[in-house]
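Structural characterization, general
Listed below, chain by chain, are the residues.
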Amino acid sequence: SRFDVLIMDLLLPKCDGIFILNEMQRRKINKNVIITTSFKEDAMLKEVNKCGVNYYMLKPINLSSLERRILSFDYDDKTSSNGNLQTIISDLLHTLGVPTHIRGYQFIRDGITIIYNNDSISYVTKDVYPTIAEKYETTPSRVERAIRHAIEISWTRGDIDVMTDIFGNSLDLDRDKPTNSEYLTTLADRIKLTHELVFV
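Residues numbered from 1 in each chain as written. Predicted model: local features only at pLDDT ≥ 70, side-chain atom pairs only at ≥ 80, totals over all residues. Heavy atoms only, no water.

Brief notes about the pairing of strand β2 (residues 32-37)
In terms of burial, β2 is a largely internal element, six of the six residues being buried. Residues N32, I34 and T36 of β2 are buried on one face, and the alternating residues V33, I35 and T37, pointing to the opposite face, are buried as well. When strand β1 (residues 5-8) meets β2, the two strands line up parallel, connected through four bridges. Residue pairing across strands places L6 opposite V33, the latter belonging to β2. The β-α-β motif built from β1, the intervening helix α1 (residues 17-26) and the parallel element β2 has right-handed crossover chirality. Pairing of β2 with strand β3 (residues 55-58), which is carried by four bridges, proceeds in the parallel orientation. (Buried < 20%, exposed > 50% of the residue type's maximum accessible area, 1.4 Å probe, protein only. Helix = DSSP H or I, 4+ residues; strand = E, 2+ residues; numbered from the N terminus. Pairing = 2+ DSSP bridges. Right-handed = clockwise from strand over helix to strand, strands pointing away.)

Some details on the pattern of salt bridges
Applying the stated criterion across every chain, the model contains four salt bridges. In this structure, the salt-bridge partner of R26 is E23, at a minimum N-O distance of 2.5 Å. Pair noted here: R26 and E23 are both in helix α1, with a separation of three residues, about one helical turn. Between R27 and E23 there is a salt bridge, with the nearest N and O atoms lying 3.0 Å from each other. (Salt bridge = Lys/Arg side-chain N within 4 Å of Asp/Glu carboxyl O.)

Points about a positive patch on the surface
A cluster of like positive charges, contributed by K40, R103, R142 and R145, occupies part of the molecular surface. Along the polypeptide, K40 turns up in the loop between β2 and α2 (42-50). K40 sits in the exposed class, given a relative accessible area of 56%. (Patch = residues over 30% accessible without salt bridge, like charges linked within 9 Å, V, L, I, M, F, W, Y side chains within 5 Å. Areas by Shrake-Rupley, 256 points an atom, 1.4 Å probe, with all protein chains shown as cover. Lys, Arg positive; Asp, Glu negative; His and termini not counted. Charge placed at Lys NZ, Arg CZ, Asp CG, Glu CD.)

Observations regarding helix α3 (residues 63-72)
Those residues of α3 lying buried are S65, L66 and R69. The buried residues of α3 occupy an angular sector of 100° when the element is viewed end-on, so they sit on one face. Across α3 from its buried face, at more than 90 degrees, point the exposed residues L63 and L71. On its buried face, α3 is in contact with β1, β2, β3 and α6 (124-135). (Arc of directions from axis to C-beta. Contact = heavy atoms within 4.5 Å.)

Structural notes on the nonpolar core
Residues I35, I108, I112 and L187 are the most contacted members of the largest nonpolar core, which totals 49 residues. Apart from residues lying up to four places away in sequence, I35 is in contact with M8, L10, L21, V48, V53, Y55, Y56 and M57. Core analysis: the second largest hydrophobic core is formed by five residues, I34, M57, L66 and F73 among them. (Core = buried A, V, L, I, M, F, W, Y, C linked by side-chain atoms within 4.5 Å.)

Some thoughts on the pairing of β3
Burial along β3 is two-sided: the residues Y55 and M57 and Y56 and L58 are all buried. After leaving β2, the chain enters α2 and then returns to the sheet as β3, a path that is right-handed.

Examining the sheet that holds β1
Read from one edge to the other, the open sheet built from three strands follows the order β1-β2-β3, with strand pairing classed as parallel. Looking along the sheet, the strands with just one partner apiece sit at the ends: β1 and β3. Within this sheet the neighbouring strands show an average axis-to-axis angle of 15°, counted without direction. (Axes fitted to C-alpha atoms, helices over the stretch in contact; angles between N-to-C directions.)

Some remarks on the packing of aromatic side chains
A ring pair, where both rings are aromatic, is described by two values, the distance of the centres and the angle of the planes. Counted by the stated rule, this structure contains one aromatic pair. In this structure, K135 is placed above the aromatic ring of Y55, and the distance from its NZ or CZ to the ring centre is 5.3 Å. (Phe/Tyr/Trp six-rings, centres within 6.5 Å; stacked < 30°, edge-to-face > 60°. Lys NZ or Arg CZ within 6 Å of the ring centre and 35° of its normal.)

Describing the packing of helix α5 (residues 103-117) against α6
Interhelical geometry of α5 versus α6 gives an angle of 125° and a closest axis separation of 10 Å. If you check the angle between α5 and α6, you find them oblique. α6 is crossed by α5, and the crossing has right-handed handedness. From α5, Q106, F107, D110, G111, I114 and I115 reach across to α6, where they touch V124, V128, T131, I132 and K135. Grouping the amino acids of the contact of α5 with α6 by side-chain chemistry returns six nonpolar, three polar and two charged. (Parallel < 35°, antiparallel > 145°, perpendicular 65-115°, else oblique. Left-handed = near helix turned anticlockwise from the far one by under 90°. Nonpolar A, V, L, I, M, F, W, Y, C, P; charged D, E, K, R; others polar.)

Below, the structure is given as structure tokens:
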């Protein structure tokens, strides 16, 4: 597997892109993947997200945007670490009661990943939302609403002991939930503190 980035459509001559993505997972080939496609259905987006795709870009592709995405990847052979990070985030969100079938789940996962990998990120609204919005061809305000909705659901479904441990004594189900920014940064910081040795 001598390549750094796989740029692929979902419609291929002899098989579909989902098959290739699943095969890569089965063979433990952890590479950066950009999907370019005309499909925008939520079901397809969910299926692609399960395969750990980095970006999902709708055709026609803006080449400068594609170039930015390619250059944004870390090529210091950390793809397996990124895979481990995604697994840890997914497990944590599952414990916190965030449903995997809603868009906010993926937005939260991406937001945590962005904050984890970028110590320079200071403003979720100005830095994180626009990045996620561009990736999914949507708007920052829709990203914000989807994350808020996911947090509201998790606040009633999550493991109370884990939530208390992560969010501290301030956790009170009868009080206001954490802001989107607090939720994302707290989880990113917790993962750094708990799993920092996994990613060296």
